[in-house]
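# Structural characterization, general
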Amino acid sequence: MKVDLTIIGAGPGGYEAAVKAAHSGLTVAVIEEHACGGTCLNVGCIPTKALCHSAEVLEEAREAEKSGISFDTLHFDIQKAVARKNEIVGKLVSSVEALMKTPGITLINGRAQFKDAHTILVGEEEIQADNIIIATGSVTKFLPIEGAHCEGVVTSTEMLDLTQVPKRLCVIGGGVIGLEFASIFNAFGSEVTVVEFCKEVLPFFDQDIAKRLRTSLKKKGINFKVGAAATGIKPTQDGYTVAFEEKGKPAAIDCDLVLMAVGRGANLDSLNFSDIGIEYTKKGVTVNEHFQTNIPNIYAVGDINGLMQLAHAATFQSFHALNHILGKKDDIRLDLVPAAVFTVPELAMVGKTEEQLKAEQVEYKAYKAFYRANGKAMTMDAEDGTVKLLADMEGHILGAHILGAHAADLIHEVTMLMRYNGTIEQLKDTIHAHPSLSEIVLNVQ
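Remember, it's a predicted structure, so these values are computed and weren't measured experimentally. (Residues numbered from 1 in each chain as written. Predicted model: local features only at pLDDT ≥ 70, side-chain atom pairs only at ≥ 80, totals over all residues. Heavy atoms only, no water.)

Glancing now at the overall build of the chain. Counting secondary structure elements, the chain contains 13 helices and 22 strands. Every one of the 445 residues in the chain was classed for burial, and the buried ones make up 51%. In the chain, once contacts between residues fewer than 6 apart in sequence are set aside, the share between residues at least 24 apart is 63%. Accessible surface computed for the chain: about 21,100 Å², of which carbon and sulfur atoms make up 52%. Charged side chains in the chain number 41 positive and 56 negative. The centres of these two groups are separated by 4 Å. (Helix = DSSP H or I, 4+ residues; strand = E, 2+ residues; numbered from the N terminus. Buried < 20%, exposed > 50% of the residue type's maximum accessible area, 1.4 Å probe, protein only. Contact = heavy atoms within 4.5 Å. Areas by Shrake-Rupley, 256 points an atom, 1.4 Å probe, with all protein chains shown as cover. Lys, Arg positive; Asp, Glu negative; His and termini not counted. Charge placed at Lys NZ, Arg CZ, Asp CG, Glu CD.)

Attention now moves to the pairing of strand 12 (residues 228-236). Taken together, the eight bridges between strand 12 and strand 13 (residues 239-246) define a ladder with antiparallel strand orientation. Residue pairing for strand 13: Lys-234 is matched across the bridge by Thr-241. Between strand 12 and strand 13, which pair antiparallel and follow one another directly, the connecting turn spans two residues. (Pairing = 2+ DSSP bridges.)

So, on to the UniProt feature "binding site: FAD" (unreviewed entry) in the chain. UniProt's entry tags Lys-49, Thr-136, Gly-137, Ser-138 and Asp-303 with the feature "binding site: FAD" (unreviewed entry), counted in the numbering of this structure. The topology assignment puts Thr-136 in the loop between strand 6 (125-134) and strand 7 (138-140). Thr-136 sits in the buried class, given a relative accessible area of 18%. Among all residues touching Thr-136, those that are not within four sequence positions of it are Ile-8, Asn-267, Ser-270, Leu-271 and Ile-304. As for its position among the elements, Asp-303 is in the loop between strand 17 (298-300) and helix 9 (311-326). Asp-303 sits in the buried class, given a relative accessible area of 17%. Apart from the residues lying within four places of it in its own chain, the contact partners of Asp-303 are Gly-137, Ser-138, Ala-266, Met-308, Gln-309 and Leu-310. (UniProt positions renumbered as here; feature names shortened; annotations may be inferred.)

Mapped onto this structure's residue numbering, the UniProt feature "binding site: NAD(+)" (unreviewed entry) falls at Gly-173, Gly-174, Gly-175, Val-176, Ile-177, Gly-178, Leu-179, Glu-180, Glu-196 and Gly-263. Across 91 residues of sequence, these annotated residues stay compact in space, with a maximum C-alpha separation of 13.9 Å. Cross-referencing the annotated residues with the lining of the largest cavity gives Ile-177 and Gly-263. Locating Gly-173 in the fold gives a position in the loop between strand 9 (168-172) and helix 6 (176-188). With residues up to four places along the chain from it excluded, the contact list for Gly-173 reads Gly-178, Val-194, Val-195, Glu-196, Ala-261 and Val-262. Mapped onto the elements of the fold, Ile-177 is located in helix 6. If we ignore the near neighbours within four places in the chain, the residues touching Ile-177 are Ser-156, Ala-261 and Arg-264. (1 Å grid on protein atoms, 1.4 Å probe; cavity = no way out; pocket = protein on both sides within 12 Å on 5 of 7 lines; lining within 4 Å.)

On to the sheet that holds strand 13. Strand order in the open sheet formed by three strands is 12-13-14, with antiparallel pairing between adjacent strands. Because the sheet does not close on itself, it has two edges, and the strands there are strand 12 and strand 14 (249-255). Strand-to-strand twist in this sheet, taken as the mean axis angle between neighbours without regard to direction, amounts to 25°. In terms of strand pairing, strand 13 meets strand 14 through seven bridges, oriented antiparallel. Bridge pairing in strand 14 places Ala-243 opposite Ala-252. (Axes fitted to C-alpha atoms, helices over the stretch in contact; angles between N-to-C directions.)

Now for the sheet that holds strand 9. An order of 8-15-9-10-11 is seen for the five strands of this open sheet, with the pairing classed as parallel. Looking at strand neighbours, the two that pair on one side only are strand 8 (153-154) and strand 11 (223-226), the edges of this open sheet. Where strand 10 (residues 191-196) meets strand 11, four bridges bridge the pair, whose relative direction is parallel. Each bridged residue has a counterpart across the sheet, and for Thr-193 the counterpart in strand 11 is Asn-223.

Inspection of every chain in the model, using the stated rule, returns one cavity of 30 Å³ or more. Of the voids in this model, the largest cavity is the one considered here, and its volume is about 40 Å³. As for the largest cavity, its lining consists of Thr-140, Thr-155, Ser-156, Ile-177, Met-260, Ala-261, Val-262, Gly-263 and Arg-264. Per-class residue counts for the lining of the largest cavity are four nonpolar, four polar and one charged. (Points joined across faces, edges and corners; volume = space filled by probe spheres on them. Nonpolar A, V, L, I, M, F, W, Y, C, P; charged D, E, K, R; others polar.)

Count 3.6 residues to each turn of an α-helix, and residues three or four apart come out pointing the same way. The terminal C-alpha atoms of helix 3 (residues 45-62) lie 26 Å apart, and with 18 residues this matches the ideal 26 Å at 1.5 Å per residue to within 8%. The complete set of buried residues in helix 3 reads Pro-47, Thr-48, Ala-50, Leu-51, Cys-52, Ser-54, Ala-55, Leu-58, Glu-59 and Ala-61. Those residues of helix 3 that are buried are in contact with helix 2 (38-43), helix 4 (78-99) and helix 6. (Expected span 1.5 Å × (residues − 1).)

What follows concerns the domain arrangement of the chain. Entries for the chain in the domain assignment read domain 1 (2-139 + 265-326), domain 2 (143-261) and domain 3 (345-443). The centre of domain 1, based on its C-alpha atoms, is set 27 Å off from the matching centre of domain 2. Every contact between the two is made by 18 residues of domain 1 and, on the other side, 16 residues of domain 2. The partner of Glu-59 in a salt bridge is Lys-220, and the shortest N-O contact between them spans 3.0 Å. Linking domain 1 to domain 2 there are five residue pairs in polar contact (both at pLDDT 80 or more). Those elements that provide at least two residues to the side of domain 1 that touches domain 2 are helix 3 and helix 4. Here the element with the most residues in the side of domain 1 that touches domain 2 is helix 3; it accounts for ten residues. (Domains from an automatic or database assignment. Salt bridge = Lys/Arg side-chain N within 4 Å of Asp/Glu carboxyl O. Polar contact = N/O pair within 3.5 Å; in protein donor to acceptor, adjacent residues only side chain to side chain.)

Most of strand 9 is tucked away: five of the five residues are buried. In this structure, strand 9 lies alongside strand 10, joined through five bridges in parallel fashion. Across the sheet, Arg-168 pairs through a bridge with Glu-191, a residue of strand 10. Looking at chain direction, strand 9 and strand 15 (residues 257-260) are connected through four bridges and run parallel. Bridging across to strand 15, Val-171 finds its partner in Leu-259.

Here it is as structure tokens:
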């Protein structure tokens with residue numbers, strides 16, 4: 001089989017680029033070993049957000065009496081929540097499969113291996129292509145500690161299909177995955193403890209905002225052990241004990257289930273990179289600014305290159321790689337990639353953190369506004385939140401950090417302004433509808 005482009009992986013870094021390539025007149029082979037949609041759609045972004053929604057509805061129901069709504073009983077059924085999640089995932093997987101029937105695209109199910117720089121083997125079938133895009137994603141990391149793989153230790157994948165809510169849940173890792181599941185299962189009724197090695201949760205986010213989120217989650221009943229290194233997991237008669245060191249002293253907590261949420265790593269076992277000389281490190285496949293590997297006709301996008309583990313980053317990296325293949329220029333700003341954490345409240349950011357600006361010795365000013373001063377937030381019982389904008393001394397916005405209701409939606413207003421080198425004053429001079437949460441960004445001081 002001979003095509004113009006082979007894409008290995010039908011996740012966000014693969015299927016959308018395949019459609020754009022086909023619309024541009026290329027013949028495309030897409031190779032996928034598992035289900036279409038990748039980690040994001042099947043066991044990541046989408047199913048997690050379905051459970052986030054269930055948790056948010058449950059929390060709102062518990063607070064409904066404030067709005068004059070009373071229930072005789074309130075019952076949560078995790079099996080129904082999981083069934084709803086599965087239905088959503090199924091529909092979206094079917095949609096991606098339909099996209100793979102676009103004229104010019106051939107979807108091949110199976111495990112890909114390199115024969116040479118232009119040839120991929122899937123079983124006994126050979127697919128030759130002028131260019132190849134690798135988009136094989138990432139895999140869950142495990143701490144190298146005793147008991148890390150015992151029966152009561154699960155990953156985010158298994159958490160999505162639990163049929164019972166654990167009474168006591170220990171989450172090892174206070175990153176995005178760990179905090180989202182901590183927030184979800186706290187709402188579902190679990191006693192949740194988060195053990196985080198760094199001195200603050202979400203170590204790659206602005207630490208002022210991360211601390212505010214931790215404070216909010218703590219008020220909801222989530223326990224945090226920060227600056228704590230997990231050292232071992234052992235079964236007990238009624239569950240498991242997670243041992244850790246906190247401030248140099250040994251400590252332990254008992255639980256019924258342990259979520260290993262210490263991040264994801266590039267799926268370097270997905271292909272035989274060494275056989276054809278593709279360069280890589282432990283972090284991922286080495287690429288240049290166009291996402292080319294050291295073999296110019298082979299590109300690597302998304303989690304496999306280790307640059308930014310976000311589904312939308314993978315998508316736009318693949319768009320840029322495709323444009324490079326087609327000889328087209330684009331204006332994609334890969335330095336402005338919003339990120340969101342779907343806890344309750346939500347957290348979102350784009351651009352630089354205060355820690356980064358200080359490390360780079362950039363002069364800046366921080367501007368803040370608070371949800372509690374916003375009329376719409378008050379009507380929503382969503383007064384817990386902060387907007388923080390960082391700007392240079394001329395007012396150009398360098399970073400935006402939002403904690404609060406609909407933060408993942410609000411961040412894009414500032415992202416668009418940053419894309420065009422906008423300033424705080426230009427933001428304040430833009431008329432916003434009243435009452436709306438968007439008005440919060442106008443009130444930064």
